[in-house]
Amino acid sequence: MAKVYAMIADGTEEVECLTVVDLLRRAGITTVLVSVGGKQVKCSHNIVIQADATVGEVDLSDADLIYLPGGMPGAEHLAACGKLVAAIGAQLKANKRVAAICAAPAVVLGANGFLRGKKAICYPGFEEGCVGASVVSGARVVTDGNITTSRGPGCSVDLGLELIGLLVGEKTAQSVKNAIQY
């Protein structure tokens, strides 16, 4: 079965994190909430999430997908984690999947050169941070090769369903979509 590490930090956008994690778990995908700080994470709207593990407790190289929710300053905290940035680089080099939403495509992926030559989307106003990418206007979710990006909280269900389709198939994605009445 597919394995996802959903990265979180203080200031992460709750909807982007929890909606995608919930949908992945509904699809039977092993999804681990990994904090780049302590196990208790205070999100951007003061909701506290208990992480399953910290970045020091996991081997990110065994992920089929590393997922980066947005939110500020959450995306900045993710970008400041050297172990995470190195793992993203190794993930992409191994042709494995990375997904990011909202500010994270720009602040984490773009700032580290991971979007060069790719089509991508991000939260409006962060486009300049998608260094080297062709930013797609109006899209809710964009998958280009092994990188999937999305716009913001309102696109979280779309992103979750896209990731399910990519990781375990469209039939499962459709089943989850039907089950949640989307």
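Everything below is about the structure shown above.
Heads up: these notes are all about the structure in this document.

Cut-off values and rules
Residues numbered from 1 in each chain as written. Predicted model: local features only at pLDDT ≥ 70, side-chain atom pairs only at ≥ 80, totals over all residues. Heavy atoms only, no water. Salt bridge = Lys/Arg side-chain N within 4 Å of Asp/Glu carboxyl O. Helix = DSSP H or I, 4+ residues; strand = E, 2+ residues; numbered from the N terminus. Buried < 20%, exposed > 50% of the residue type's maximum accessible area, 1.4 Å probe, protein only. Pairing = 2+ DSSP bridges. Core = buried A, V, L, I, M, F, W, Y, C linked by side-chain atoms within 4.5 Å. Contact = heavy atoms within 4.5 Å. Phe/Tyr/Trp six-rings, centres within 6.5 Å; stacked < 30°, edge-to-face > 60°. Disulfide = S-S within 2.5 Å. Axes fitted to C-alpha atoms, helices over the stretch in contact; angles between N-to-C directions.

Applying the stated rule across the entire model yields 5 salt bridges. Close ionic contact of Glu 57 with Lys 39 constitutes a salt bridge, the shortest N to O distance being 3.6 Å. Highlighted residues: Glu 57 in the loop between β5 (53-54) and β6 (65-68) and Lys 39 in the loop between β2 (30-35) and β3 (40-42), separated in sequence by 18 residues. Taking the shortest distance from any N to any O, the salt bridge between Asp 158 and Arg 140 comes out at 2.8 Å. Placement of Asp 158 in helix α5 (residues 156-168) and of Arg 140 in the loop between β9 (134-135) and β10 (141-144) is noted, with a sequence separation of 18 residues between them.

What follows is about the pairing of strand β7 (residues 97-101). Among the 5 residues of β7, 4 are classified as buried, and the element is accordingly described as predominantly covered. Looking at chain direction, β6 and β7 are connected through 4 bridges and run parallel. The residue of β7 that forms the bridge with Leu 68 is Ala 100. The pairing of β7 with strand β11 (residues 147-150) spans 4 bridges and is parallel. Looking at the pairing, Ala 99 lines up with Thr 148 of β11.

The next subject is the nonpolar core. One finds Met 7, Leu 60, Ile 66, Leu 68, Leu 84, Ile 88 and Leu 109 to be the most contacted residues of the largest nonpolar core, which totals 34 residues. Put simply, the parts of the chain that give this core at least two residues each are β1 (3-8), β2, β6, α2 (74-79), α3 (82-93), β7 and α4 (104-109). For Ile 88, the residues in contact, after removing those within four places along its chain, are Ile 66, Leu 68, Val 98, Val 108, Leu 109 and Phe 114. If you look at the next biggest cluster of nonpolar residues, it comprises 28 residues, including Val 4, Ile 49, Cys 102 and Leu 161.

Our next topic: the packing of aromatic side chains. Inspection of the entire model under this criterion finds 1 aromatic pair. Judged by centre distance (6.4 Å) and plane angle (70°), the ring pair of Tyr 123 and Phe 126 falls under edge-to-face.

Summed over the entire model, instances satisfying the criterion amount to 0 disulfides. Lacking any disulfide linkage, Cys 81 is separated from the closest cysteine sulfur, that of Cys 17, by 15 Å. No disulfide involves Cys 102; its nearest neighbouring cysteine sulfur is the one of Cys 122, lying 8.5 Å away. On the accessibility criterion, Cys 102 (8% relative accessible area) is buried.

Pairing is mixed across the open sheet formed by 7 strands, whose spatial order is β5-β2-β1-β6-β7-β11-β10. At either margin of the open sheet sits one strand with a lone partner, and together these are β5 and β10. Looking at chain direction, β2 and β5 are connected through 2 bridges and run parallel. Paired with Ser 35 across the two strands is Thr 54, which belongs to β5. Along the sheet, α3 makes contact with β1, β6, β7 and β11, crossing β6 at roughly 135°.

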